[in-house]
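Each chain, letter by letter, is given below.
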Amino acid sequence: MNRVRCLVLNAALGPLDYKVPDGMEVGPGHVVECPLGPRTIIGIVWEAERLPGTEVPAEKLRPIRGILPVPPLSAPLRRLIEWTADYYVASLAGVARMALSSGGALKGPATITEYRLTGGMPERLTPQRLAAMEALEGEQATIRELAGIAGVSEGVLRGLVNQGVLEPVEVDCDRPYDEARPDFTQVELSPEQSEAADTLSKAVRDAKFAPFLLDGVTGSGKTETYFEPVAEALRMGRQVLVLLPEIALTENFLHRFEERFGVAPVLWHSSLKSTERRRAWRNVASGEAQVVVGARSALFLPFRKLGFIVVDEAHETSFKQEDGVRYNARDVAVMRAHFEGIPVVLASATPALESLQMAESGVYAKLDLPSRFGGAELPSIDLVDLTQEKPPHGMWLAQRLVDGIAERLERGEQSLLFLNRRGYAPLTLCRNCGFRFQCPNCSAWLVEHRFTRRLACHHCGHETPSPDRCPECGEPDCLVACGPGVERIADEVAERLPDARVFVATSDTLNSPGRAAEFIAQVEGGAIDVIVGTQLVTKGFHFPELTLVGVVDADLGLEGGDLRAGERTYQQVAQVAGRAGRGEKPGEVLIQTRHPEASVIAALAAGDRDAFYSVETEMRREAGAPPFGRWASIIISSEDEAEAREAARRIGDTRPQVDDLMILGPAPAPMALLRGRYRYRLLMNARRSVQLQDVIRRWLGSLDHPPGVRVGVDIDPYSFV
Ligand code: ADP
Ligand code: ZN
């Protein structure tokens, strides 16, 4: 029967059947072009028995237009797409689109023209031309890229092409990458590290599904440890995927990778240029790309012979995607390993409770690295009770913390102050009339940024110049900043310790790999004394001269109190504490708090992780929260508040009655307005036995809403705003 079922990339359509033209050979996984009305749409040929069919009779079927020149998506990847759509109650088309994530790659092989110096001289050697030629020595790139490198206009370079100084070279867009060498450097592992590495390497050789939790304290050498099984996979000619939570971390990681394997890994993240994307995608698909280091979207790349997956800093909440298909990359990574039949390791110093629970129940094998590499001690941790040791008026740092920084300054060591708040102050108000600056698109205050002299919304990106008078009452000089952000802390350090060289490290200042690299070099070179940073600096960095970490406000994360607040605070503070004393000099951590009695804070001070986890576990058990029960939320939004409210009410009114399932809401979301959309939420809490996804699909599937209404489902939600 020359009829095939296709999953087409349009979420509004179900699978469609097509006729296979004579002489065309297609099978499951082939990426094809299909007619749809007057248009052409991309589809993936699927096993017909796995997708609901259509009733269109054979003679009415339209033929497939053609097969795109890419390898067919593998069966394990097809199973992963099905599983992800099913588990997260998302459309198959939406998930499939994440796998076909480079439009260029689907078009097949291509070349581009690059240029390089010939060694010839121009007829007239102007200073500008000379400077350009010097800058381009050894470079080969497109005219536009070369213009950027040389800092001249493209016109100048075209002139040089005409004179034979630059020559064109045709380059394969998808040329392979330099080869990583598994034995480029020999690393001597500690006995603990060896044991873990050997177990993982053996699992790579066995090539069977095997999930691991690599639970190692900060500085224990988790990276060196999992590099060994990475090398083993390379020796076997298999591909490796390393998922990292943030781009800022990759610079440091790339450097270490290169030292170990002789070349940089293949990168995959959302800000790649389209040429880089297609090259990476096609090399992954051909099996040529050996190690891919990427953000969560790398999970859906079409690996040909994947042999090992690493999820580093696996507890990080940024693995959770919060829009589109709301999936958790940590969990999907385990499923990919399952379908591929390969090992996967989740590495963390502060594993998520869910992951620990999986290890305790024997689903994940646990590998422990209980001590720091090279005998470095874990830092000593002390609390600063802010109700007793009050900072001076209008300031935020207790004297003991400032004294600690001063001591480090004298000794030529470094300090890190952690506060998870970008900008200068989280709220600006008028002293005269009480006016507060609020985002017009969100239920949020505008955050003052003094560096850029702007007020910004951290939710939608809305920005406005900082005014010098109140827009409400017109008074000049009446605006006051309330509360601290990192910029304000940096000002305070500069004021109290004028000699200190302070650097504010946030996503505002480390917003490109180049800047991140520069920052690392400056810290390593001793050009910075005090880093004031957000969660961006809590992980990955290894600065031997950094011996003091101050947590400016440990209570911040506990405010608002969703059920994961305690865990998140514990992880964040433990991670940032882990930056202290990683070299030979011992580290010290001072945690400022108003609640030294809170169980999280007490556990941090006592360095008693087990105590914290057992209190937290009990609390979750009692609340029926994950991993003991399940949560899901439904988010209804519209630009029209009445429309959103009405849709939420209808969903609420048709709620199903199911045993062991509690449905709360609808209620206006805490962020009742976000990016111009009014939002309502329902929260579901179920026993593990409930088929939650089926219930949701049946419930929501029976309702229609006006086109302006969006209904999102969030399974295992992390965000409750
Ligand atoms: P973690 O990720 O567990 O916090 P890292 O992998 O960053 O720890 O290791 C901490 C430091 O110790 C790094 O500078 C790393 O290069 C070094 N290190 C760890 N293990 C070894 C080893 N076996 N040989 C040499 N250096 C090591
Ligand atoms: Zn906003």
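What counts and how
Residues numbered from 1 in each chain as written. Chains lettered and ligands numbered in written order. Predicted model: local features only at pLDDT ≥ 70, side-chain atom pairs only at ≥ 80, totals over all residues. Heavy atoms only, no water. UniProt positions renumbered as here; feature names shortened; annotations may be inferred. Helix = DSSP H or I, 4+ residues; strand = E, 2+ residues; numbered from the N terminus. Rg over C-alpha atoms; globule rule 2.2 N^0.38 Å. Buried < 20%, exposed > 50% of the residue type's maximum accessible area, 1.4 Å probe, protein only. Near = heavy atom within 4 Å. Polar contact = N/O pair within 3.5 Å; in protein donor to acceptor, adjacent residues only side chain to side chain. Nonpolar A, V, L, I, M, F, W, Y, C, P; charged D, E, K, R; others polar. Donors = N, O, S within 2.8 Å, 3.2 Å for Na, K, Ca; no water. Tetrahedral: all angles 85-135°; square planar, octahedral: opposite > 155°, others 65-115°. Axes fitted to C-alpha atoms, helices over the stretch in contact; angles between N-to-C directions. Parallel < 35°, antiparallel > 145°, perpendicular 65-115°, else oblique. Contact = heavy atoms within 4.5 Å. Patch = residues over 30% accessible without salt bridge, like charges linked within 9 Å, V, L, I, M, F, W, Y side chains within 5 Å. Areas by Shrake-Rupley, 256 points an atom, 1.4 Å probe, with all protein chains shown as cover. Salt bridge = Lys/Arg side-chain N within 4 Å of Asp/Glu carboxyl O. Pairing = 2+ DSSP bridges. Arc of directions from axis to C-beta.

- Named according to an unreviewed UniProt entry, the chain is Replication restart protein PriA originating from Qipengyuania gaetbuli.
- Per UniProt, the comment on the chain under Function (unreviewed entry) is "Initiates the restart of stalled replication forks, which reloads the replicative helicase on sites other than the origin of replication. Recognizes and binds to abandoned replication forks and remodels them to uncover a helicase loading site. Promotes assembly of the primosome at these replication forks."
- Checking UniProt for the chain, the heading Subunit (unreviewed entry) contains the comment "Component of the replication restart primosome."

## With respect to the overall build of the chain
Part 1: The helix and strand inventory of the chain stands at 19 helices and 29 strands.
Part 2: For 721 residues, the compact-globule estimate of 2.2 N^0.38 gives 27 Å, and the C-alpha radius of gyration of the chain, at 28 Å, lies within 12% of that figure.
Part 3: Across its three principal axes, the chain shows a C-alpha extent of roughly 85 × 85 × 65 Å.
Part 4: Considering the chain as a whole, with its 721 residues, one finds that 52% of them fall into the buried category.

## Some words on the site of ligand 1
Part 1: Close to ligand 1 lie 16 residues, the nearest being E188, G219, K222, E224 and R256.
Part 2: A distance of 3.0 Å separates an oxygen atom of ligand 1 from a polar atom in the backbone of G221.
Part 3: Between ligand 1 and T223, the relevant distance is 3.1 Å, taken from an oxygen atom to a side-chain nitrogen or oxygen of the residue.
Part 4: Tallied by class, residues from the shell around ligand 1 come to 4 nonpolar, 7 polar and 5 charged.

## Quick notes on the coordination of the zinc ion (ligand 2)
Part 1: Surrounding the zinc ion (ligand 2) are the protein donor atoms C439 (SG), C442 (SG), C457 (SG) and C460 (SG), at 2.2 to 2.4 Å.
Part 2: The site at the zinc ion (ligand 2) holds 4 donor atoms, and with the angles between them running 104 to 114°, its shape is tetrahedral.
Part 3: The class for C439 is buried, based on a relative accessible area of 4%.

## What about the packing of helix α11 (residues 353–360) against helix α17 (residues 609–623)?
Part 1: At their nearest, the axes of α11 and α17 sit 11 Å apart, and the two run at 95° to each other. Between α11 and α17, the interaxial angle falls into the category roughly perpendicular. Contacts between α11 and α17 involve L353, E354, L356 and Q357 on the former and, on the latter, R609, Y613, E616, T617 and R620.
Part 2: Of the residues belonging to the contact of α11 with α17, the class tally is 3 nonpolar, 2 polar and 4 charged.

## So, the UniProt feature "binding site: Zn(2+) 1" (unreviewed entry) in the chain
Part 1: This chain's UniProt record puts "binding site: Zn(2+) 1" (unreviewed entry) on C430, C433, C470 and C473. For this annotated set, covering 44 residues, all C-alpha atoms fall within 8.6 Å of each other, a compact arrangement in space.
Part 2: Along the chain, the position of C430 falls in strand β17 (residues 427–430).
Part 3: We classify C430 as buried; its relative accessible area is 1%.
Part 4: Residues in contact with C430, not counting those within four places in the same chain, are F435, C470, C473, C478 and L479.
Part 5: In this structure, C470 sits in the loop between β20 (463–465) and β21 (479–482).
Part 6: Residue C470 is classed as buried on the basis of its relative accessible area of 2%.

## Examining a nonpolar patch on the surface
Part 1: A surface patch of nonpolar side chains, about 280 Å² in accessible area, is lined by M121, L125 and L130.
Part 2: Following the sequence through the fold, M121 ends up in the loop between β6 (111–117) and α3 (127–135).
Part 3: Here M121 falls in the exposed class, since its relative accessible area comes to 56%.

## Some points on unusual backbone geometry
Among all residues save glycine, negative phi is the norm, and among peptide bonds the norm is trans.
Part 1: That bond from P626 to P627 is cis: its omega, 5°, falls within 30 degrees of zero.
Part 2: Note on placement: P627 falls in the loop between α17 and β26 (629–638).
Part 3: The omega torsion across G665 and P666 is 5°, close enough to zero to call that bond cis.
Part 4: Inspection of the secondary structure puts P666 in strand β27 (residues 661–674).

## Structural notes on the sheet that holds β20
Part 1: Ordered in space as β18-β19-β20, the 3 strands form an open sheet in which the pairing is antiparallel. At either margin of the open sheet sits one strand with a lone partner, and together these are β18 (447–449) and β20. The average angle at which neighbouring strand axes cross in this sheet is 30°, direction not considered.
Part 2: Looking at chain direction, strand β19 (residues 454–456) and β20 are connected through 3 bridges and run antiparallel. Bridging across to β20, A456 finds its partner in E463.

## Here we look at the pairing of strand β1 (residues 3–8)
Part 1: Across the 6 residues of β1, 5 count as buried, placing the element largely inside the fold.
Part 2: Bridge analysis of β1 against strand β2 (residues 16–19) gives 4 bridges, and the strand direction is antiparallel. Each bridged residue has a counterpart across the sheet, and for R5 the counterpart in β2 is D17.
Part 3: Both β1 and strand β4 (residues 39–46) contribute to a ladder of 4 bridges, which runs antiparallel. Each residue of the ladder has a partner; that of C6, found in β4, is V45.

## Concerning the pattern of salt bridges
When the charged atoms of two side chains with opposite charge come close together, those side chains can pair.
Part 1: As enumerated under the stated definition, the model contains 47 salt bridges in all.
Part 2: Among the salt bridges present, the one from E354 reaches R564, with a minimum N-O distance of 2.8 Å. Here E354, found in helix α11, pairs with R564, found in the loop between β24 (546–551) and α15 (565–577); they are 210 residues apart in sequence, far enough to count as distant. Here the two residues E354 and R564 agree in accessibility, since each one is buried.
Part 3: We note a salt bridge from R408 to E413, for which the minimum N-O separation is 3.8 Å.

## Describing helix α5 (residues 154–162)
Part 1: Those residues of α5 lying buried are V156, L157, G159 and L160. Each buried residue of α5 sits inside an arc of 150° when the element is viewed along its axis, so together they form one side.
Part 2: In the core, the buried residues of α5 are packed alongside α3, α4 (143–150) and β7 (166–172).
Part 3: In the segment just after α5, G164 is the residue with positive phi, at about 80°.

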